[in-house]
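The primary structure of each chain is shown beneath.
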Amino acid sequence: MPRGGESLDLTVWDRASGLSRGPRHRNAMAHLDSEVKEECLREDLRFYFMNPCEKYRARHQIPWKLGLQILKIVMVTAQLVRFGLGNQLVVAFKEDNTVAFKHLFLKGYSGIDEDDYSCSVYTQKDAYESIFFVIHQYHRLKNISLATLDYGENEDNIIGLKICKQHYKKGTMPSSNETLNIDSDIETDCTNLDLQTLDKDPQDWMQSPFFSLEFYRLLQVEISFHLKGIDLQTIHSRELPDCYIFRNTITFNNKAHSGKIKIYFDSDADIEECKDLNISGSIQKNPQYVLVFDAFVIVICLASLILCTRSVVLALRLRKRFLNFFLEKHKRRVCEADQWEFISGWYVLVIISDLMTIIGSILKMEIKAKNLTNYDLCSILLGTSTLFVWVGVIRYLGYFQAYNVLILTMQASLPKVLRFCACAGMIYLGYTFCGWIVLGPYHEKFENLNIVAECLFSLVNGDDMFATFAQIQQKSILVWLFSRLYLYSFISLFIYMILSLFIALITDSYDTIKKYQQNGFPETDLQEFLKECSSKEECQKESSAFLSSVCCLRRKGSDDPLILIN
C-alpha cells in the first residue's frame, strides 16, 4: 500500500520485450499510434486525389480504368456508327413507303401535307370519291404499286379493309325555323370488305346502306388495312432482309362540321422475321460477328461498371474515415464542400453510361435477331451513353491546367445559373401563356403552348424576328397594338437584360477561376489537412520516413483496399 504523500506508480509487464512500461510510455505509444493513423489517412487521401499518371509514378499502379475507358470509347463509338447506319436505312424505308402510300390511296394528294393533315375535301361528292378511291386502290394494289407489297391480316384476322364511321346517334337537318335536333351520344358502325367482296361488282358494295352518309351528323370515317413489305436493300450489306407489317389508317375528320373534311393518313410499321425466305448468293445468313462484337461491348462496359462502382464504394469508406478523424481531432464537422469532394461526378456519369450501353446493346442484339423492333428506345440509350462517354473525356483533359478552366468555370457557375434560370423561367412562362391566349387566334406561331415556347426561345436567340412581327393578322387593331407591345417588351427584357445577366454570371465565374489559378485557390479543411505535414521541415526530416514505413507495415497487415483506388 502506498504511504501518504507518495504517488501511485503502476507498471505494466510487457511479455514480448520482458520490460516494464509505465503510464508515460503508454501515453507515448498512444501518441505515436495516433500519428501513424493520421499519416496513413493523409497518404491515402493524397493518393486518392492523384491523377492516373501521378499514381503510377507514386506506386507504379497501372491505370486500368483509364485504359478501359479509352477502349470503351472506341468500341461504343464503333457500335453506335454501325447501328446508326442501319437505323438510317430503316427510317428511310419507312418514310419512303409512307409517302408512296399517300400517293397511292389519297385522291388528289399533291405531295405536300396541309398543316398537320394530308389533304382535305369540301363537297359531298369529293368525300364519296375519296372514300371509294381508297377501296379501289387497295383492290388493285399489286397491279399498280412499284413496291414489293402483299395483303396482311387486320385485327379481326381478315385480309381486307375495315371501315368504321362515327356519327351522332340521331338528328334532323336544320328546318325553316332554324332548329337543329342532335343527340350527343356517339355511335360507331363498322364493316369489313374482304378481297372476295371486292372481286364482285363494285355497285354491290357501293350501294350498301353503310355508305349512305348523313354529313350533318357524321363525325369521321376511318379506313384501316394492313400491308406486308420487304426491305431488300440490306442484301447489299450481306445481311438478311427485313420484313415489315404496315398498319395504315386513313381518317376523314368531320368533327368540326366547318364544311372542310380533313384527311389524315397514319402508317405504323413493325419489323418481323421473314418466313419462307429463300435467297441464293453469297449473303451471310447468320451475322454472328455483329452479335459477338455487341457481346464484347457489354463485357467491357460491365467491367467498367464494376471498377467504377468499386471506386465509389471505397471513396465513401475513405470519406467516412476522414470525417471520423476530423471530428475526433478538431471536434467539428467537415464542411459540405469537402464532403462532396469524395463523390466523383465522373464516376457517376460513367456508371450511368455503362448501364445505358449494356441495356442498349442487349436491345440491339434482340433487334438484330428480329425479336424486337423498338429502334427508338435503342437509339436513345446508345446515343445518350455515347454522349456521356465522350463528355467523360473532359475529366482527363482537366488534369492539365490549360484545359481545366472549362470544368472549373462550369462547376462554379452552375448553382448561380440554375437559380437565375428559375427566376427567369417564371417570366418566360408568363409571356408564354399570355402570347398563347391573346395572339393564338391571329398568329400561327402562337397556336399552342409548345409552339409559343419554341417561338419565344427563337426570339431570344435572335432568330426569325421580322417574320414573327410581320405574320400577325391585322383583323383587330387592339390585338395588333398589343402584339407590338408584347414582342418589343419580351425582346428588350430577355435579350438586353436577362441574357446579358446570364452571360455576366458565367463571365464572373470565369474571372474568379482565372484569379484563383494565378494567386492560388482558397484552402479548405481537406486541403489544409493534406498540406499540414508537408509545410514542416522537421516533420519531413525526422518523422515522415518512419511514419510512412510504419503506415505501410500496418496497411499490409490489414484488409483495407483503399490503396487500390484508381
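Every value quoted in this text rests on a predicted model; they were computed, and no experiment measured them.

**Student:** Just to check I follow, could you spell out the overall build of the protein chain for this structure?
**Tutor:** Of regular secondary structure, the protein chain possesses 18 helices and 11 strands. Per-residue burial for the protein chain yields a buried fraction of 36% across its 566 residues. Here the contacts in the protein chain between residues at least 6 apart in sequence split such that 70% fall between residues at least 24 apart. Here the protein chain has roughly 33,800 Å² of accessible surface; of this, 58% comes from carbon and sulfur atoms.

**Student:** Which parts of the structure should I look at to understand the packing of helix 10 (residues 345-368) against helix 11 (residues 375-391)?
**Tutor:** How two helices sit against one another is set out by the angle between their axes and by the gap between those axes. The geometry of helix 10 relative to helix 11 is characterised by a closest axis approach of 8 Å and an angle of 150 degrees between their N-to-C directions. Comparing their axes, helix 11 and helix 10 come out roughly antiparallel. Between helix 10 and helix 11 lies a crossing whose hand is left-handed. Listed contacts from helix 11 to Trp 346, Leu 349, Ile 352, Ser 353, Met 356, Thr 357, Ile 359, Gly 360, Ser 361, Leu 363, Lys 364 and Ile 367 of helix 10 are Tyr 375, Leu 377, Cys 378, Ile 380, Leu 381, Leu 382, Thr 384, Ser 385, Phe 388, Val 389 and Val 391.

**Student:** Could you clarify how one ought to interpret the packing of aromatic side chains in this entry?
**Tutor:** Ring pairs (aromatic) are described by centroid distance and by the angle formed between their planes. Here the structure, examined in full by the defined rule, presents 27 aromatic pairs. With a centroid separation of 5.7 Å and an interplanar angle of 90 degrees, the aromatic rings of Tyr 128 and Phe 215 are classed as edge-to-face. Within this pair, whereas Tyr 128 is found in helix 4 (residues 124-139), its partner Phe 215 is found in the loop between helix 7 (202-206) and strand 9 (218-231), the two being separated by 87 residues in sequence. Looking at Tyr 128, the relative accessible area reads 22%, which means it is partly exposed. On the basis of relative accessible area, Phe 215 is assigned to the buried category, the value being 13%.

**Student:** Whenever I open this one, a nonpolar patch on the surface confuses me. Can you help?
**Tutor:** On the surface, Met 426, Ile 427, Leu 429, Phe 433, Trp 436, Ile 437 and Leu 449 cluster together into a nonpolar patch covering about 670 Å² of accessible area. The leading source of residues in the nonpolar patch is helix 13 (residues 404-439), at 6 residues. Looking at the secondary structure, you find Ile 437 in helix 13. Ile 437 sits in the exposed class, given a relative accessible area of 57%.

**Student:** Whenever I open this one, the nonpolar core confuses me. Can you help?
**Tutor:** The nonpolar side chains of soluble globular proteins are, as a tendency, buried together. By size, the foremost hydrophobic cluster in this structure holds 49 residues, and its most contacted members are Phe 105 and Ile 135. By size, the runner-up hydrophobic cluster in this structure holds 21 residues, among which are Phe 420, Phe 446, Cys 455 and Ile 498.

**Student:** What am I meant to see in helix 10 here?
**Tutor:** Since the α-helix turns once every 3.6 residues, residues separated by three or four places project in the same direction. With 24 residues, helix 10 extends 34 Å between its outermost C-alpha atoms, agreeing within 8% with the 34 Å of an ideal straight helix rising 1.5 Å per residue. A positive backbone phi angle near 65 degrees is found at Lys 370, which sits one or two residues after helix 10.

**Student:** Explain the side chain of Asp 231 to me, please; I cannot follow it from the model alone.
**Tutor:** In this structure, Asp 231 sits in strand 9. In this view, Asp 231 contacts Leu 89, Phe 93, Pro 241, Asp 242 and Tyr 244; residues no more than four positions away in its chain are not counted.

**Student:** Help me understand a negative patch on the surface in this model?
**Tutor:** Judged by side-chain charge, Asp 115, Asp 116, Glu 444 and Glu 447 come together as a negatively charged surface patch. Considering the arrangement of structural elements, one finds Asp 115 in the loop between helix 3 (64-105) and strand 3 (119-121). Overall, the relative accessible area of 71% leaves Asp 115 in the exposed class.

**Student:** What is the right way to read the confidence of the model for the protein chain from this model?
**Tutor:** Low-confidence regions, as indicated by low pLDDT, have predicted coordinates that should not be scrutinised in detail. In this model, the protein chain carries a mean pLDDT of 79, and residues with pLDDT of at least 70 account for 78%. The weakest mean pLDDT in the protein chain belongs to helix 18 (residues 537-556) at 44; the strongest belongs to helix 4 at 93. Note on residues 534-550: pLDDT is under 50 here. Beyond four places in sequence and across chains, it has 16 contacts. Predicted confidence is poor over residues 552-566, with pLDDT under 50, and the contacts of this stretch with residues over four places away or in other chains come to 37 contacts.

**Student:** Explain the pairing of strand 11 (residues 261-272) here, please?
**Tutor:** On any regular strand, side chains alternate: one points to one face of the sheet, the next to the other face. The side-chain alternation of strand 11 yields one buried face, formed by Ile 261, Ile 263, Phe 265, Ser 267, Ala 269 and Ile 271, and one unburied face, formed by Lys 262, Tyr 264, Asp 266, Asp 268, Asp 270 and Glu 272. One ladder, built from 3 bridges, connects strand 3 with strand 11; its direction is antiparallel. Within strand 11, the residue paired with Ser 120 across the bridge is Lys 262. By the bridge criterion, 11 bridges tie strand 10 (residues 242-253) to strand 11 in an arrangement that is antiparallel. Across the sheet, Cys 243 pairs through a bridge with Glu 272, a residue of strand 11.

Cut-off values and rules
Residues numbered from 1 in each chain as written. Predicted model: local features only at pLDDT ≥ 70, side-chain atom pairs only at ≥ 80, totals over all residues. Heavy atoms only, no water. Helix = DSSP H or I, 4+ residues; strand = E, 2+ residues; numbered from the N terminus. Buried < 20%, exposed > 50% of the residue type's maximum accessible area, 1.4 Å probe, protein only. Contact = heavy atoms within 4.5 Å. Areas by Shrake-Rupley, 256 points an atom, 1.4 Å probe, with all protein chains shown as cover. Axes fitted to C-alpha atoms, helices over the stretch in contact; angles between N-to-C directions. Parallel < 35°, antiparallel > 145°, perpendicular 65-115°, else oblique. Left-handed = near helix turned anticlockwise from the far one by under 90°. Phe/Tyr/Trp six-rings, centres within 6.5 Å; stacked < 30°, edge-to-face > 60°. Patch = residues over 30% accessible without salt bridge, like charges linked within 9 Å, V, L, I, M, F, W, Y side chains within 5 Å. Salt bridge = Lys/Arg side-chain N within 4 Å of Asp/Glu carboxyl O. Core = buried A, V, L, I, M, F, W, Y, C linked by side-chain atoms within 4.5 Å. Expected span 1.5 Å × (residues − 1). Lys, Arg positive; Asp, Glu negative; His and termini not counted. Charge placed at Lys NZ, Arg CZ, Asp CG, Glu CD. pLDDT = per-residue confidence, 0-100. Pairing = 2+ DSSP bridges.

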